[in-house]
Amino acid sequence: MSVDGTCKKGFERVADAFAKNFAEHGEVGASVCLTVGGETVVDLWGGTVDKNGTPWTRDTVGIVFSCTKGATALCAHVLASRGQLDIDAPVSALWPEFAQNGKEHVTTRMMLDHSAGVPALRAKVKDDAPYDWTYMVERLAAEEPFWVPGTRNGYHGFTFGWTVGEMVRRVSGKSLGTFFQDEIARPLGLDFWIGLPEAIEPRVAPIMPYVYKANETKTPFMADLTGNPKSPASLFFFNVGAAWRSGGANTRAGRAAEIGAANGVTNARGLAGMYAPLANGGGKLVDAKTLTRMGEVSMATHDDATLRLPTRFALGFMKSMDNRQRSIGAKIFGEDCDSVILGSPAFGHVGAGGSLGFADPAAGLSFGYTMNKMGPGLLMNERGQALVDAAYRSLGYSNKNGGVWVK
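A few points on the structure. (Residues numbered from 1 in each chain as written. Predicted model: local features only at pLDDT ≥ 70, side-chain atom pairs only at ≥ 80, totals over all residues. Heavy atoms only, no water.)

**A word on the pattern of salt bridges**
Put simply, the rule is: The salt bridge criterion pairs a side-chain nitrogen of Lys or Arg with a carboxyl oxygen of Asp or Glu, the two atoms within 4 Å. Exposure is judged per residue with a 1.4 Å probe applied to protein chains only, and the accessible area is read against the type maximum: over 50% gives exposed, under 20% gives buried, and values in between give partly exposed. Secondary structure follows DSSP: runs of H or I at least 4 residues long count as helices, runs of E at least 2 residues long count as strands, and numbering of each begins at the N terminus.
All told, the structure shown has 23 salt bridges when counted by the stated rule. Between Lys-126 and Asp-132 there is a salt bridge; the shortest N-O distance is 2.7 Å. Classification of Asp-132 by relative accessible area gives partly exposed; the value is 24%. The closest approach of N and O atoms between Arg-255 and Glu-201, which form a salt bridge, is 2.7 Å. Of this pair, Arg-255 sits in helix α10 (residues 252-256) while Glu-201 is found in the loop between α6 (176-188) and α7 (220-227), placing the two residues 54 residues apart along the sequence. Linked through salt bridges whose partners overlap, the residues forming this network are Arg-82, Lys-174, Asp-182, Glu-183 and Arg-186.

Written out as structure tokens, the structure reads:
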């Protein structure tokens, strides 16, 4: 597979790891980008967008699944930094309909750190549910929480986009996708959309799902998925509407909708570009106080109610999570599966299949990685983590002690 782009001296490790992913780890098409101190030091792409051999080019983009949550969370933090959104105020102050069935004291902070108690919807949703913003917001407002809000967390894998996104809409008066374009993507010059314009469709690389073998499904998450239909895991995965469940990520309708938890479309340059200001003081996006708050651990657990493994979350972002020794998935697929090892101050978000974007303010580093062939597990896998490891080693970090990269 051919690799194109640029790599500055001192970051050859990243280029080598990127090429190795194609040669040894089954990468089909991918992109990786790093900025340090606001300067782009790596911007690489390679492989093909499909099985017909169409080349992945500089401007190829694709769905980055839950990396979208980082973009949605950033929208909320931009409003908070402007004094327009109080993340610790009851949601009911802006969204009165949400304050029912035990959700009266939910705050935006709880929505951001996955402790709001609505990781899924119990009753079956209509086929095109995720493409109907009003429908999803009304269903979530009426939903009874799975636990007392704020007392524990469980990944709000799909619902996050509407809980946080509706707060953005009510404060700004714009849809989530429009606010993101107007206030973040366009000012930063990013190819990044929540709700893809039709004109960009020819540039999209279709997603290639990972197909699990029978002996690869013996994890607590998979057990809930297949054996407990009332669990958050099963409802989050299956009760998302037939249109999305049957491959909506590879359809025009699935990419055109505004699904703030799952259907952002971009490439590595877009992810690294979004996080670059956050790695360097906040830029024009957020003030210093807000930036500090964005990187702090807000909720952590030994057993996430949805993902069924230890997780650590900041407000809308993932923190470094080291499950190398305690994840069954890591034992099946290798130690990089079900973990994401970053620097301690870093915050960002993994996407299904292994895409990743993050900022590390201590290192002045922003990072993006996207691909079209999904890998196994719930967090990273060997391809993406190898690129992260190479990035930190290039900056003089020596090892992953205590589950974080350290110098």
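**Considerations on the side chain of Ser-81**
What counts here: For the purposes of these results, a polar contact is taken to be a pair of N or O atoms within 3.5 Å, where, inside protein, one atom must be able to donate a hydrogen and its partner to accept one; residues adjacent in sequence count only when each atom of the pair is a side-chain atom. Should any heavy atoms of two residues lie within 4.5 Å, those residues are considered in contact.
Inspection of the secondary structure assignment puts Ser-81 in helix α2 (residues 67-81). Polar contacts involving the side chain of Ser-81 include one to the main-chain amide nitrogen of Asp-287, which spans 2.8 Å. Setting aside residues no more than four positions away along its own chain, Ser-81 makes contact with Leu-285, Val-286, Asp-287 and Thr-290.

**With respect to the nonpolar core**
Inclusion rule: Residues grouped as a nonpolar core are buried Ala, Val, Leu, Ile, Met, Phe, Trp, Tyr and Cys residues, joined through side-chain atoms within 4.5 Å.
With 122 residues, the main nonpolar core has Leu-34, Leu-278 and Phe-367 as its most contacted residues. A per-element tally of this core places α2 first, with nine residues. In this structure, Leu-278 is in contact with Leu-74, Leu-285, Val-286, Leu-291, Met-294, Phe-347, Ala-359 and Pro-361, ignoring residues within four places of it in sequence.

Honestly, that's just the spatial picture; any functional story needs more than this.
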